[in-house]
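Residue strings, one per chain:
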Amino acid sequence: MPINKKKLGQVAKGLLKLKSVEHKRPKEPTKADLNRKFVMRLDKNGTPYMKEV
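Each residue is numbered by its place in its chain's sequence as written, counting from 1. Per-residue local features of the predicted model are confined to residues with pLDDT of at least 70, and side-chain atom pairs are confined, for both listing and counting, to 80 or more; whole-chain, interface and lining totals are unaffected and use all residues. Where side-chain values are given, they derive from all heavy atoms of the structure, hydrogens and water being excluded.

A. Highlighting the overall build of the protein. Helix and strand assignments come from DSSP, with helices taken as H or I runs of at least 4 residues and strands as E runs of at least 2, each series counted from the N terminus. A tally of regular secondary structure across the protein gives two helices and two strands. Tracing the protein from N to C terminus, the helices and strands come up as α-α-β-β. In terms of its C-alpha atoms, the protein occupies a principal-axis envelope of roughly 60 × 35 × 5 Å. Within the protein, buried positions represent 0% of all 53 residues. Of the roughly 6,100 Å² of accessible surface on the protein, a fraction of 60% belongs to carbon and sulfur atoms. Relative accessible area decides the class of each residue, using a 1.4 Å probe on protein chains only: under 20% of the type maximum gives buried, over 50% gives exposed, and in between gives partly exposed. Areas reported here follow the Shrake-Rupley algorithm with a probe of radius 1.4 Å; residue values treat only the protein chains shown as occluding.

Structure follows, in structure tokens:
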């Protein structure tokens, strides 16, 4: 089933009308966030996982 130019034009116009996602600056990390410590462990199957200390 070939796509005709009219349908293709309508689809393109519809895509151009979509609102873009607003860019928000990420929040600054707090001192508590920066001081979090993690260790990497292996479970009994040998799969690695991370754990917060």
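B. Broad picture of a nonpolar patch on the surface. On the surface, a cluster of nonpolar side chains totalling about 320 Å² of accessible area is made up of Val11, Leu15 and Leu18. For Leu18, the location among the structural elements is in the loop between α1 (5-17) and α2 (31-34). Only residues above 30% relative accessible area that lack a salt bridge enter a patch, with like-charged residues linked at up to 9 Å and the nonpolar side chains Val, Leu, Ile, Met, Phe, Trp and Tyr linked at up to 5 Å. Within this document, salt bridges are pairs made up of a side-chain nitrogen of Lys or Arg and a carboxyl oxygen of Asp or Glu, the two lying within 4 Å of each other.

C. Examining α1 more closely. Between the first and last C-alpha of α1 there are 18 Å, a value that for 13 residues agrees with the 18 Å anticipated at 1.5 Å per step. Of all the 13 residues making up α1, zero are buried; the element is thus mostly uncovered. Expected helix span is computed as 1.5 Å times (number of residues minus one).

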